[in-house]
Amino acid sequence: MAIDYAERIPNNVNLSENRRLQRALEQWQPGFQSWWGEMGPAGFQDKEVYLRTATSVDAQGWATFGYVKMPEYRWGIFLAEAERDRKIAFGEHRGEPAWQEVPGEYRGALRRLIVTQGDTEPASVEQQRHLGSTCPSLYDLRNLFQVNVEEARHLWAMVYLLHAHFGRDGREEAEALLQRRSGSADNPRILGAFNEQTPDWLSFLMFTFFTDRDGKYQLASLAESAFDPLARTCRFMLTEEAHHMFVGETGIGRVVQRSCELMKQHDTDEVGRFGGIDLKLVQKYLNFHYSVSLDLFGAELSTNAANYFSMGLKGRFSEESREDDHQLKHALYTITQVNDQRIVQREQPALLALNETLRDAYIADCARGVARWNKVIHSAGIDFELRLPHRGFHRAIGGCAAVKVTPDGRIITEAEWDAHHAQWLPTAEERKFVGSLMKPVTAPGQFAGWIAPPARGINHQAIDFEYVRL
Ligand SMILES: [Fe+2]
Ligand SMILES: [Fe+2]
């Protein structure tokens, strides 16, 4: 289905045939634009950025690349193609036709899921808004802005659902999505990780690797939803999300590569005084971002998650390729729990353990990325390994939130934690040091000293292409 760019709001949902909805969204649009002006990237708004814009939603060739000033980016509403006669794949309604409208009894639950997802999208733009002024290269600057405009488009995606399917409540929620602010004391974003700061580029790259990846898993489970418009919206969002994780994975890979080069060149592990980031410090940032992202999946046992599944609102990762009854009536699942000051594995009803099931898929995916970073280290001939810390480390949600756990999974006392946490998480001083490396590099083809150039450019362009015209 082609996207209509002649419209004020580009879309592939025949918006012009629904005047009421079109008017409602056109009324929301100016508020969105002033939010972008106020909370989107600081500076650079009048610069031309080499961005991709969606032009169709099929798997191949959905994007076109060209110079755009960010405020002129064509944010719009794009749903993946409808699947003919789609059937509900899981839960109590398994086998029934997917819903095109929200069933009255699930309205509240569905709205809450959509609002929670929608809230993360503008939140990350707000968290990243000051990074442009310290970009390590034009290539990276362009990637940051690409992520930002796409997160803003994801906000549009959720707002469309709220406006189209939830009446007045939906319109109010859409308004509230523009009112909350990341890190605000009186009106914060909904989820913890989205109120943390993203003060430097190392944090940004970690965020896109770990926190955008949580987004991937949430979207993938919503892409299974019985509510077809939500499923289709999320399926298309996932294709955009892939780029965000690419930015994180290759970005951290390039930091690691640069650190290795400096280690070999100067024959030392301590590359800070040569303008690099010690691998040990990379590990600490990893520990932080991984643990706050694990919290986003919620408690190990959750009746909410069980209800969402049984209702058909939110499935599991790759629901359809799983070989079981897709209702989990009698199934068990092994989860990690704290019992009597010990970390133990226990079988629990699989239906209650869906958050943990999704977290497990996420952890396996993170581990694959870390293994690729370790390849960079090993092929440099350096004896060091980055690791995911234990899932109980530094958690604020779930069973392990009540105890202190080391990166290798031992429960320790508060006093031991106080004495040692500076070995595991970045200290204020280390964060300051990383901040001190953040000097802008804006000549085409030049890169800051703490990060290696990428292997290739964007969309077959050269690495020294002018990705942002300053
Ligand atoms: Fe997103
Ligand atoms: Fe993202």
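For clarity, every value in this text was computed on a predicted model and none was experimentally measured.

A. How the structure looks around unusual backbone geometry. For Asn14, which is not glycine, the phi torsion reads 50° and is therefore positive. Within the secondary structure, Asn14 is located in the segment before α1 (19-39).

B. Representation of the sheet that holds strand β1 (residues 48-54) within the structure. Spatially, the three strands line up as an open sheet ordered β2-β1-β7, and their pairing is antiparallel. One side of each edge strand has no neighbouring strand; the edge strands of this open sheet are β2 (63-69) and β7 (468-469). Sheet analysis places β1 next to β2, joined by seven bridges and oriented antiparallel. The residue bridging Leu51 from the neighbouring strand is Gly66, located in β2.

C. Here's a closer look at the coordination of the iron ion (ligand 2). The coordination sphere of the iron ion (ligand 2), as far as protein atoms go, consists of Glu151 (OE), Asp212 (OD), Glu241 (OE) and His244 (ND1), spread over 1.9 to 2.2 Å. Around the iron ion (ligand 2), the four donor atoms are arranged such that angles at the metal cover 90 to 167°; this shape is classified as irregular. For the pair the iron ion (ligand 2) and the iron ion (ligand 1), the metal-to-metal distance amounts to 3.5 Å, and Glu151 bridges them. Of this pair, Glu151 sits in helix α3 (residues 138-165) while Asp212 sits in helix α5 (residues 201-222), and the two are 61 residues apart along the sequence. For the pair Glu151 and Asp212, a shared accessibility class is recorded, and that class is buried.

D. Looking closely at the nonpolar core. Residues Leu25, Phe32, Ile77, Phe210, Leu230, Tyr362 and Trp450 are the most contacted members of the largest nonpolar core, which totals 110 residues. Per-element tally for this core: the top contributor is α3, with 16 residues. Setting aside anything within four residues of it in sequence, one finds Trp450 in contact with Pro136, Trp201, Leu205, Val255, Arg258, Gly275, Gly276, Ile277, Leu437 and Met438. Ranked by size, the runner-up nonpolar core spans 12 residues in total, among them Val292, Leu296, Ile412 and Trp424.

Basis of the calculations
Residues numbered from 1 in each chain as written. Chains lettered and ligands numbered in written order. Predicted model: local features only at pLDDT ≥ 70, side-chain atom pairs only at ≥ 80, totals over all residues. Heavy atoms only, no water. Helix = DSSP H or I, 4+ residues; strand = E, 2+ residues; numbered from the N terminus. Pairing = 2+ DSSP bridges. Donors = N, O, S within 2.8 Å, 3.2 Å for Na, K, Ca; no water. Tetrahedral: all angles 85-135°; square planar, octahedral: opposite > 155°, others 65-115°. Buried < 20%, exposed > 50% of the residue type's maximum accessible area, 1.4 Å probe, protein only. Core = buried A, V, L, I, M, F, W, Y, C linked by side-chain atoms within 4.5 Å. Contact = heavy atoms within 4.5 Å.

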